[in-house]
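One-letter residues, chain by chain:
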Amino acid sequence: MARILLVVVFVSLILAITLLFTLSATPQINLADSVNAIGQSTPIIVKVKDSHGIRRITASVEQNGVHYSAWDTAQSARRIFWQRGAAEASWNFKIGTQTIPQLKEGKARLIIEATSNDFRGKTARLEREVSVITRPPALTVDSEQHYLYRGMAELVTFAVSGYWTEAGVRVREQTFRSWPMPGGKPGLFSLFAFAWDVPADISPVVYATNSAGNEITREIVVQFPKREQPKYRARDLQLDDRFIQKVLGELDPSGSGDPVSRFVKINNEVRRANNRALSDLRLKTESRFLWTEPFLQQHNSKVESNFADLRSYFYKGQKIDQQVHLGYDLAITPHVGVETSNDGRVVYAAPLGIYGNCIVVDHGYSLQSIYGHLSEIAVHEGDSVKRGQIIGKSGQTGLAGGDHIHFSMQLEGVQIDPREWWDGHWIEDHVAKRIGLGSPN
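Given the structure is predicted, the values throughout are model-derived calculations rather than measurements.

Enquirer: In this structure, what is going on with the nonpolar core? I would like to understand it.
Expert: One broad rule of soluble globular proteins: the nonpolar side chains tend to lie buried together. Formed by 60 residues in total, the largest nonpolar core has its most connected members in F158, F189 and W421. The element best represented in this core is strand β15 (residues 188-194), accounting for six residues. Beyond its immediate stretch of four places on either side in the chain, W421 contacts A153, L191, W291, P294, F295, L367, M409, I416, W426, I427 and V431. Among the nonpolar cores identified, the runner-up in size contains 27 residues, and I38, A59, V61 and V132 belong to it.

As structure tokens, then:
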């Protein structure tokens, strides 16, 4: 009897251990494909999926047969009562010559190991060939005098040498891509905006960085003519019940509650969401100029509102909101044909919240024009359009109190004053000459 009991206990123990082995998990390690180089202190993000959690995760670098420990973290072991359904975990750390000074320029191997926090404690291993790069790229910027005006654009040319993965212009937190010079000419250029709300003491810089996290910046030679800066207007708009109900009926038809509060929510939250959607269209651009002539202002149009007007909204004598109007309101006659400002390709043609029926045309190199409040849209996304082509009709859809065209432009998703793009002389001096294009007609 004792022998039978001993056999039962032994078999049960074997079955339990087998079950524990069988139920043990294997970690799945994920490292972004962009991690292909390490520099002085390169940020690394590692994600690991394991339903039982992670007991230990390590990072190391191997170069010329020598193994260097770079990072290590661990938690208490759970061999039997382990977690169930643990979510994917993420770890952030830095690797580079600051912590491993023995590393030299050249090839190396980054090794990530993760151990499951269960009975078996199985370890998964990920290896990635990387380049050790300790020097930032070199950067040379043109010596042109760049005049900056709030809400407007500028172009800078520069050259980058050495190993680099990204370059462009940074204005405060905003970045603007660089593009190869047209026609196979050496160097790069970047169209950038000095946004309407950027302080005068902010200096744009050209930057170049590589995937190892090494970055270099160079200042641009700039002038900020204080006396010639645009003067933005402040305007008071009186709202009535008819207008508020019109807006709510179009943009919040199923909403409930206080109409004024609903209007303010639209004027704030919907406006921000719409502007984000417009900004995201910068990714739908072509790496070439799609136009050759100066941009058109709608023929015979009267400017009713200017770019960057500060609007205060009043209802029954009380100020209920304040917003900045980033465009021109152009009025002619009701339902007039809306002209494309220049050659390009339609990247958006649909309703867009406060802009109503809206069309966005890409002109290349992240320069885009925006047409809002339309009563009709006569083009489709993907259509090629010509300068002066009728693409719709004016109206009062969205947050519009009367029939007009809301016209604005954006550069890399930052809305800018279109005035200089209507000026052929400005385009010739600031764009065409600097990158060797023919003069605009």
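Enquirer: Would you explain the sheet that holds strand β28 (residues 376-377) in this entry?
Expert: Two modes of strand pairing occur in sheets, parallel and antiparallel, and in both the strands are linked by backbone hydrogen bonds. One open sheet holds the three strands; their spatial order is β24-β30-β28, and the pairing between them is antiparallel. Two strands bound the open sheet, and with one partner strand each, they are β24 (337-339) and β28. With two bridges joining them, β28 and strand β30 (residues 390-393) adopt antiparallel strand pairing. When the bridges of β30 are listed, I377 appears paired with G392.

Enquirer: Please clarify how the pattern of salt bridges should be interpreted in this entry.
Expert: Opposite charge on two side chains makes pairing possible when the charged atoms of those side chains draw close. Throughout the structure, instances matching the rule amount to 23 salt bridges. R345 serves as the salt-bridge partner of E286, at 3.1 Å between the closest nitrogen and oxygen. Taken together, the positions of E286 in the loop between α3 (259-280) and β20 (302-305) and R345 in strand β25 (residues 344-351) put the pair 59 residues apart, joining distant regions of the chain. Overlapping salt bridges bring together R109, E113, R125 and E127 as one network.

Enquirer: Help me understand the pairing of strand β22 (residues 318-325) in this model?
Expert: Where strand β21 (residues 309-315) meets β22, seven bridges bridge the pair, whose relative direction is antiparallel. Paired with R311 across the bridge in β22 is Q323.

Enquirer: I would appreciate a short explanation of helix α4 (residues 424-435) in the present structure.
Expert: Residues spaced three or four apart along an α-helix point in a common direction, a consequence of the helix completing one turn every 3.6 residues. Taking 1.5 Å as the rise per residue, α4 with twelve residues should run 16 Å; its terminal C-alpha atoms sit 15 Å apart, in good agreement. W426, I427, H430, V431, A432, R434 and I435 are the residues of α4 that are buried. Where α4 is buried, its residues contact β10 (146-147), β11 (152-161) and β15. For α4, the N-terminal capping position is held by D423, with its side-chain oxygen 2.9 Å away from the main-chain nitrogen of H425.

Enquirer: What is the right way to read the environment of H325 from this model?
Expert: Here H325 shows up in strand β22. Given a relative accessible area of 7%, H325 falls into the buried group. In sequence terms H325 and D72 are 253 residues apart; their C-alpha atoms lie 52 Å from each other. Residues within four places of H325 in sequence aside, it is in contact with S305, N306, F307, A308, D309, R311 and H406. A polar contact is formed between the side chain of H325 and the side chain of H406, at a distance of 3.2 Å.

What counts and what doesn't
- Residues numbered from 1 in each chain as written.
- Predicted model: local features only at pLDDT ≥ 70, side-chain atom pairs only at ≥ 80, totals over all residues.
- Heavy atoms only, no water.
- Core = buried A, V, L, I, M, F, W, Y, C linked by side-chain atoms within 4.5 Å.
- Buried < 20%, exposed > 50% of the residue type's maximum accessible area, 1.4 Å probe, protein only.
- Helix = DSSP H or I, 4+ residues; strand = E, 2+ residues; numbered from the N terminus.
- Contact = heavy atoms within 4.5 Å.
- Pairing = 2+ DSSP bridges.
- Salt bridge = Lys/Arg side-chain N within 4 Å of Asp/Glu carboxyl O.
- Expected span 1.5 Å × (residues − 1).
- Polar contact = N/O pair within 3.5 Å; in protein donor to acceptor, adjacent residues only side chain to side chain.

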